[in-house]
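# Report on the structure
These are the residues of each chain, in order.
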Amino acid sequence: MAASAASTVAAAATMAALTLHRFSKSNSSFRTLPRLTCSLSSSSSPPLKFNISFAPPKPKPKPNPGPGTDPEDDDAGPDQFLVPWIVRGEDGNLKLQTQPPARLLNAIATAETGSKKKTKKSEKEVKATTTSPPQRSKAARRFYNENFRDPGTRLSKVLAASGVASRRSCEELIFEGKVTVNGSVCNTPQTRVDPAKDVIYVNGSRLPKRLPHKVYLALNKPKGYICSSGENESKSVVSLCDDFLKTWGKNHPGVPTPRLFTVGRLDVATTGLIIVTNDGDFAQKLSHPSSNLTKEYIATVEGSVYKRHLIAISEGTTIDDVHCVPDSVELLPRLPDVQRSRLRIVVHDGRKHEVRELVKCAGLEIYSLKRVRIGGFKLPSDLGIGKYVELNPENLKALGWKN
């Protein structure tokens, strides 16, 4: 009887031990168990005592601490969620670890401690990259250049504007094969070029990429000067602007010196207003008969002027098989210090020696001739002989130039 009771108690104790052991595995906070004592008493035999004790559970192995971490903080609690990291080790094999890779930690540390200037620069670079125009195919670029791109300027005009020579002389240089465009000899003055993009050489010298600014001067021409711009002419009207050209490099650094020429002509004995410029389109517009710009002259004549003289002048004369009639003729009052008669004659044709021929056909002889107005622009009264003044936009508008 006692033996069966002892076996029963032993079985119960074993079951309790297994239960407590499973409970200790399921609950990690249960570390040690108290001593358990079981006793069996009987009337016929002394009581039996069983001392049952349980060993503490085996501690789990701790993972290796990653770089930049404190080993003391590596004790993960029962509720901590661990993120697995799959990294490639030094041996080239993939392995699983609980800490982020060292390269990721270094990259995060560098990004947090980077300078603000570098961050702004990177933002600008990213913006420039995102806003840059898409690359087009060669066929699309060719189609755009042929249909939409600015055709450029004629080669002879570009050379003249750069101060190489006159338009006609530039055409001769092109015909002689002394001009190359992008490494090839160009024999066509009408070739469209862009000096900012095309490489142009004249007689082995590179043409500047920047063209000079447009210059507009009003000059009071003295007697004895010619309007030719030849290099061998000592008394040229353009030579009166040498001081303007000498200071050009100082006032406009990096820009080539312009080549100046006169708009139209005044004969060597005629004085007064003449326009000097480097703008060929402007000169063509003013000198062309279609502009209908009137020109006013003051003619001082020998002898007395009568009504018949005025009628003869107003009837006009024939010049080069063209009948030229003045717009108006007027006899001016005599000045106290001038004994000769003065006539105001307004013309618009601009034929060669037109005013002189009109006066000559009327039976009068010209002593002096002076031009005082072109279009709506008058020669300034305070502008000395041989002096010049730059024209402003209002003056150009008075001359009929809208550009």
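Residues numbered from 1 in each chain as written. Predicted model: local features only at pLDDT ≥ 70, side-chain atom pairs only at ≥ 80, totals over all residues. Heavy atoms only, no water.

What the protein contains, in helices and strands, is 12 helices and 21 strands. Looking at the protein as a whole, 30% of its 403 residues are labelled buried. Within the protein, residue pairs in contact and separated by at least 24 positions form 58% of the contacts whose partners lie at least 6 positions apart. Accessible surface, the protein as shown: approximately 27,400 Å² in total, 53% of it carbon and sulfur. (Helix = DSSP H or I, 4+ residues; strand = E, 2+ residues; numbered from the N terminus. Buried < 20%, exposed > 50% of the residue type's maximum accessible area, 1.4 Å probe, protein only. Contact = heavy atoms within 4.5 Å. Areas by Shrake-Rupley, 256 points an atom, 1.4 Å probe, with all protein chains shown as cover.)

A separate point is the pairing of strand S13 (residues 270-277). Counting buried residues along S13, eight of its eight residues qualify, which places the element largely inside the surrounding structure. Where strand S11 (residues 216-221) and S13 come together, six bridges link them in antiparallel fashion. Within the sheet, the bridge partner assigned to Asn220 lies in S13 and is Leu273. Relative to S13, strand S12 (residues 261-262) is paired through two bridges, and the arrangement is antiparallel. Within S13, the residue paired with Thr262 across the bridge is Val276. Here S13 runs beside strand S19 (residues 366-374); their pairing, made up of three bridges, is parallel. Bridging from a neighbouring strand, Gly272 pairs with Arg371 of S19. (Pairing = 2+ DSSP bridges.)

Taken residue by residue, the protein gives an average pLDDT of 77. The fraction at 70 or more is 71%. A low-confidence stretch, residues 8-14 (pLDDT under 50), is modelled with four contacts involving residues beyond four sequence positions or located in other chains. Low pLDDT (under 50) marks residues 115-119, which in the prediction has zero contacts with non-local residues, meaning those over four places away or in another chain. (pLDDT = per-residue confidence, 0-100.)

By the definition in use, this model includes four aromatic pairs. On the numbers, 4.9 Å between centres and 80 degrees between planes, the contact of Tyr216 with Phe282 is edge-to-face. With Tyr216 in strand S11 and Phe282 in helix H9 (residues 280-287), the pair connects residues that are 66 residues apart, well separated along the chain. Across the pair, exposure class does not vary: Tyr216 and Phe282 are buried alike. With 6.2 Å between their ring centres and 85 degrees between their planes, Phe244 and Tyr388 make a pair best called edge-to-face. Separated by 144 residues along the polypeptide, Phe244 in helix H7 (residues 242-246) and Tyr388 in strand S21 (residues 388-390) bring together distant segments of the chain. Residue classification places Phe244 among the buried residues on the basis of a relative accessible area of 10%. Note on Tyr388: relative accessible area 24%, which makes it partly exposed. (Phe/Tyr/Trp six-rings, centres within 6.5 Å; stacked < 30°, edge-to-face > 60°.)

Once that is clear, we can look at the sheet that holds strand S7 (residues 184-185). Spatially, the four strands line up as an open sheet ordered S7-S6-S9-S10, and their pairing is antiparallel. Looking at the sheet topology across the chains shown, the edges are occupied by S7 and strand S10 (205-206). Pairing between strand S6 (residues 179-181) and strand S9 (residues 200-202): three bridges, direction antiparallel. Each bridged residue has a counterpart across the sheet, and for Thr180 the counterpart in S9 is Tyr201.

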